[in-house]
Amino acid sequence: MADAVSVQVKKIPDNLYVVCLTNLVNYIQKSKCERNELRSLPDSVLMDIYSRMLAEKRLCVLGAELSELDMFERLMRYSGAQLRLLQCFQAVIEHGTKLSTELANGYLARCCANQHPRNSLIQLGLRLGGFLNEAGWYADAQRVLLRCRDLCLAQPKTAHYKRLTLECCHRLLNTQSAYCCFPAAAETYALALRLLGLPPDITAKISDERFSIAMTCYSALQTDDDQVPKVPCKEEACGGGTRCGEWRLSALLARLFKEFSALFFVRCDYTAAHAWSMRALALLTPHTPPKIMIEVVRACGKACVVKRRFSAAGLLVRQGVALARAVFGPAHPRYAAALLDYGFYLLNIDSITHSVSVYEEALNTLRRVFGRSSLHVATAQEDLAYALYVLEYSSGRFYKARDHAERAIRIIENLVPPDHLLLASAKRVKALILEEIALDTPAGQDMREPSLLEESESLHKAALELSMMAFGEKNVQTAKHYGNLGRLYQSMQKFQDAETMHLKAIAIKEELLGSEDYEVGLSVGHLASLYNYHMNMHRAAEKLYLRSISISLKLFGERYSGLEYDYRGLVHVFTQLKRHDRALHYNSLLQHWHDLREQSKAEQQPALGDERIMPLKELQARFFCVNELGLSPYPPGRALAL
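1. Considering the overall build of the chain
Then step 1. Broken down by element type, the chain carries 30 helices and 2 strands.
Then step 2. Here the chain holds 642 residues, and the buried ones make up 52% of them.
Then step 3. Contacts spanning at least 24 positions in sequence make up 67% of the contacts within the chain whose residues lie at least 6 apart.
Then step 4. As displayed, the chain has an accessible area near 29300 Å², and 53% of this comes from carbon and sulfur atoms.

Below you can see the structure in the form of structure tokens.
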């Protein structure tokens, strides 16, 4: 046998700049040199040094550097540092420090010292609060932004300070909505309305007042000596050339309306969420900074999904993904956030396999930035767990879904109080998975089946309690928890309890969403299954199945996955009623459904990266018409499925 030929692969050496950075980092680590020696360096070099510290795992030194509020403020101001700063920040926290709390405490102490100009403190608070919010450290972000808000409110009631206060309200609402601080968010929302000159009951009137809202806000934010210039400001600090004047006002209002939409979205008031998001979309201009444009388009897309306006949702969600990729790049968490929206849309249009792949890409991107101990990562894992649960519902292979759900719960439990609402959704997903695992376990094979169902019940009840505390009973999320308990009690053969839970869920959903909503159809189908298979109420089950099918066909068409269970249920119903002709009819429909599903497998969703970035005017033209007053919604029947 011939001797193997050994090939020596030469490592490509680092360039001279990287070698210098590495040596400097090693020198700092060994000599404990004065930090002041780094402060004279340019921001770009300083960020490169910190990135090298991260690469070399010099996390103790990096943490000491980043805990200096002045240094951290410099890096937040440096536009080229954002992504790398997020990575360094999270790595230091995972190393065991409380960097987020240290920075927040440093800011609060600086405010109390009364040694810095108020304007500089306000600007620092806006930057630091915004950064902590984006990093997912919402509690500390809220502390910073509340203090910043108080500083703003203590200043003269000029238009300038009104706008600064509203900038703070925008960030606060984003933080409080994400962290489920609903009473505090309601206060922030009320403050923003007062500053904008809008009445407290504006949400009830929003569908009727199509143009006056923005004009009222413009008037409230101007004074006699603060007239709106006709051209945007050219100052670099303006952040996109819109520091003063109508361009900046338009961008500020768009962000606020987007946050109003997000607040109503998490509170499950989807009509208000959709209305506010559309107002934000109408306020976008070619001068709007891309970051704001992406936020608004994403909010509109999510609102259209929950309103079941899928044509509009698909257009908007894909635009959000394309814009985020173009502006931030595929490694940025804001691109990952847009992917989570896209996964949510795909899940809701029954494109489950594609949804799972999009969620997986989003999770991988977030892990590269935030590691494995972040609320952002936990949210992505929960979303992926639920998508996998839906994907594998017929196969019974739930163990990957269970792993992601349990990882999400562990992360959230380590980062929030035990009674926090963020736990409710993750526990709900795990409970659904455990229930299916228990039901798919053959009798006698696994003695843990009773404990799985009992654990599922405990998780569902905990989620219901948290939802009741946050929302009360008349809320879509609470209704979902009732419905989940109904399904579980059906599995546990507690049929009367199951019926009670399903009827509660249906009543709440009908009151809030109307009788033809997808959520109503889902609960109606679950009650039909209970009547059909366990309570021998076949005629009642027939009516419920037909109602569920009608809703599904109207919203999703003949290929919808949920139709399988309704068709199977009707075959069983008519077999039990000895109406074999009807049983054959629905068996035929079931076979036709299978054929359509096979065709669907060959139809692909557009690949990521194929989206065309639509010009703003073209995008707005899909949703609004133009008249002498500006953009306005189309009359009924002319818009694109708003």
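Text resumes after the structure shown.
2. A closer look at the pattern of salt bridges
Then step 1. The tally for this structure, following the rule as stated, stands at 31 salt bridges.
Then step 2. For K430, the salt bridge goes to E406, with nearest N and O atoms at 3.5 Å. Placement of K430 in helix 22 (residues 422-440) and of E406 in helix 21 (residues 399-415) is noted, with a sequence separation of 24 residues between them.
Then step 3. Of the residues examined, K430 reaches a relative accessible area of 12% and is grouped as buried.
Then step 4. The partner of R487 in a salt bridge is E436, and the shortest N-O contact between them spans 3.5 Å. Note that R487 is positioned in helix 24 (residues 476-491) and E436 in helix 22, a separation of 51 residues in sequence.
Then step 5. Given a relative accessible area of 14%, R487 falls into the buried group.
Then step 6. A residue is classified by how much of its surface remains accessible, and E436, at 7% relative accessible area, is buried.
Then step 7. A single salt-bridge network, built from bridges that share partners, covers R402, E406, K430 and E455.

3. Some points on the state of the cysteines
Then step 1. Counting across every chain of the model gives 0 disulfides.
Then step 2. Free cysteine: C304, not disulfide-bonded; nearest cysteine sulfur from C300 at 6.6 Å.
Then step 3. Judged by relative accessible area, which is 0%, C304 ranks as buried.

4. Observations regarding helix 9 (residues 138-153)
Then step 1. Taking 1.5 Å of rise per residue, the 16 residues of helix 9 would be expected to cover 22 Å, and the 22 Å separating its terminal C-alpha atoms lies within 8% of that figure.
Then step 2. Regarding helix 9, the residues found buried are Y138, D140, A141, Q142, V144, L145, C148, R149, L151 and C152.
Then step 3. Buried residues in helix 9 make contact with helix 7 (99-113), helix 8 (118-135), helix 10 (159-178), helix 11 (182-196) and helix 20 (375-391).

5. Quick look at the nonpolar core
Then step 1. Of all hydrophobic cores here, the largest spans 204 residues; its most connected members are Y50, L66, F89, L196, F257 and F260.
Then step 2. Residues in contact with F260, not counting those within four places in the same chain, are L173, Y189, A192, L193, L196 and W276.

6. What to know about the packing of aromatic side chains
Then step 1. Summed over the entire model, instances satisfying the criterion amount to 21 aromatic pairs.
Then step 2. When the ring of Y393 is compared with that of Y565, the centres are 5.8 Å apart and the planes differ by 85°; the resulting orientation is edge-to-face. In this pair, Y393 sits in the loop between helix 20 and helix 21 while Y565 sits in helix 28 (residues 563-576), placing the two residues 172 residues apart along the sequence.
Then step 3. You can call Y393 partly exposed: its relative accessible area is 26%.
Then step 4. Ring centres of F574 and Y586 lie 5.8 Å apart, and the angle between their planes is 15°; on these two criteria the pair is classed as stacked. Pair noted here: F574 is in helix 28 and Y586 is in helix 29 (residues 580-602), with a separation of 12 residues, a long-range link.
Then step 5. On the basis of relative accessible area, Y586 is assigned to the buried category, the value being 8%.
Then step 6. The ring centre of F265 lies 4.6 Å from the NZ or CZ of K302, which sits over that ring.

7. Details of the environment of K98
Then step 1. Mapped onto the elements, K98 comes out in the loop between helix 6 (82-94) and helix 7.
Then step 2. A sequence separation of 35 residues divides K98 from G63, and the C-alpha atoms of the two residues are 9.3 Å apart.

8. Focus on the confidence of the model for the chain
Reading fine detail from the predicted coordinates is not recommended where pLDDT is low.
Then step 1. On average, residues of the chain score 86 in pLDDT, and 86% of them are at 70 or above.
Then step 2. Contacts from residues 1-7, a stretch scored under 50 in pLDDT, to residues over four places away or in other chains number 0 contacts.
Then step 3. Confidence over residues 626-630 falls short of pLDDT 50; this stretch has 5 contacts with residues more than four positions distant or in other chains.

What counts and what doesn't
- Residues numbered from 1 in each chain as written.
- Predicted model: local features only at pLDDT ≥ 70, side-chain atom pairs only at ≥ 80, totals over all residues.
- Heavy atoms only, no water.
- Helix = DSSP H or I, 4+ residues; strand = E, 2+ residues; numbered from the N terminus.
- Buried < 20%, exposed > 50% of the residue type's maximum accessible area, 1.4 Å probe, protein only.
- Contact = heavy atoms within 4.5 Å.
- Areas by Shrake-Rupley, 256 points an atom, 1.4 Å probe, with all protein chains shown as cover.
- Salt bridge = Lys/Arg side-chain N within 4 Å of Asp/Glu carboxyl O.
- Disulfide = S-S within 2.5 Å.
- Expected span 1.5 Å × (residues − 1).
- Core = buried A, V, L, I, M, F, W, Y, C linked by side-chain atoms within 4.5 Å.
- Phe/Tyr/Trp six-rings, centres within 6.5 Å; stacked < 30°, edge-to-face > 60°.
- Lys NZ or Arg CZ within 6 Å of the ring centre and 35° of its normal.
- pLDDT = per-residue confidence, 0-100.

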